[in-house]
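Report on the structure
One-letter residues, chain by chain:
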Amino acid sequence: QVQLVESGGGLVQAGGSLRLSCAASGIIFSFNVLGWYRQAPGKQRELVAAITRSGSTNYADSVKGRFTISRDNAKNTVALQMNSLKPEDTAVYYCNGGRSASLYYPGGSWGQGTQVTVSS
């Protein structure tokens, strides 16, 4: 059974930074792609960033230049460094993986989510 556990969310002022981490356990050897998605109240869940095992990445246009995704394959972790945060970044952030995951679409495994709130 796969488990994805996020940490690092919280409340920050606009312009500040947060770092999210996700630890993966279980049968994840086939997870080529790990990603971060977010869902704001009343909105659909959307891709934030994704990364392959070899380091190829994809970012949503809204976060390019501000967010950086990284992963440690040996430790089965993926992180999201978020800088220059804006109030519109406020959302629940989810870690994602799965055999069907790509740099553009989610896989079938989700973490429980971590709240990020950016105050103006």
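Residues numbered from 1 in each chain as written. Predicted model: local features only at pLDDT ≥ 70, side-chain atom pairs only at ≥ 80, totals over all residues. Heavy atoms only, no water.

1. Comments concerning the state of the cysteines
Taken as a whole, this structure holds one disulfide when the rule is applied. A sulfur-sulfur separation of 2.1 Å characterises the disulfide bridge that pairs C22 with C95. As the torsion about the S-S bond is roughly -85 degrees, the C22-C95 disulfide counts as left-handed. Of this pair, C22 sits in strand β3 (residues 18-25) while C95 sits in strand β9 (residues 91-97); the two residues are 73 residues apart in sequence, bridging distant segments of the chain. (Disulfide = S-S within 2.5 Å. Helix = DSSP H or I, 4+ residues; strand = E, 2+ residues; numbered from the N terminus.)

2. Thoughts on the packing of aromatic side chains
Following the criterion strictly, the structure yields two aromatic pairs and no others. A ring pair is formed by Y37 and W110, whose centres lie 5.3 Å apart and whose planes are at 75 degrees; its orientation type is edge-to-face. Taken as a pair, Y37 in strand β4 (residues 33-39) and W110 in strand β10 (residues 109-110) lie far apart in primary sequence, 73 residues in all. The class for W110 is partly exposed, based on a relative accessible area of 33%. Grouping aromatic residues by their ring pairs yields a cluster made of Y37, Y94 and W110. Geometry around Y94 places R45 over its ring, the cationic atom sitting 3.7 Å from the centre. (Phe/Tyr/Trp six-rings, centres within 6.5 Å; stacked < 30°, edge-to-face > 60°. Buried < 20%, exposed > 50% of the residue type's maximum accessible area, 1.4 Å probe, protein only. Lys NZ or Arg CZ within 6 Å of the ring centre and 35° of its normal.)

3. Regarding the pairing of strand β1 (residues 3-7)
What you see with β1 is a clean split: L4 and E6 sit on the buried side and Q3, V5 and S7 on the side with no burial. Pairing of β1 with β3, which is carried by five bridges, proceeds in the antiparallel orientation. When the sheet's bridge partners are listed, E6 is paired in β3 with C22. (Pairing = 2+ DSSP bridges.)

4. Details of the sheet that holds strand β7 (residues 67-72)
Whether parallel or antiparallel, the strands of a sheet pair through hydrogen bonds between backbone atoms. Pairing in this open sheet of four strands is antiparallel, and the strands run β1-β3-β8-β7 from one edge to the other. With partners counted over all chains shown, the strands left at the sheet margins are β1 and β7, one partner each. Neighbour-to-neighbour, the strand axes of the sheet open up by a mean angle of 15 degrees, direction not taken into account. By the bridge criterion, six bridges tie β7 to strand β8 (residues 77-82) in an arrangement that is antiparallel. (Axes fitted to C-alpha atoms, helices over the stretch in contact; angles between N-to-C directions.)

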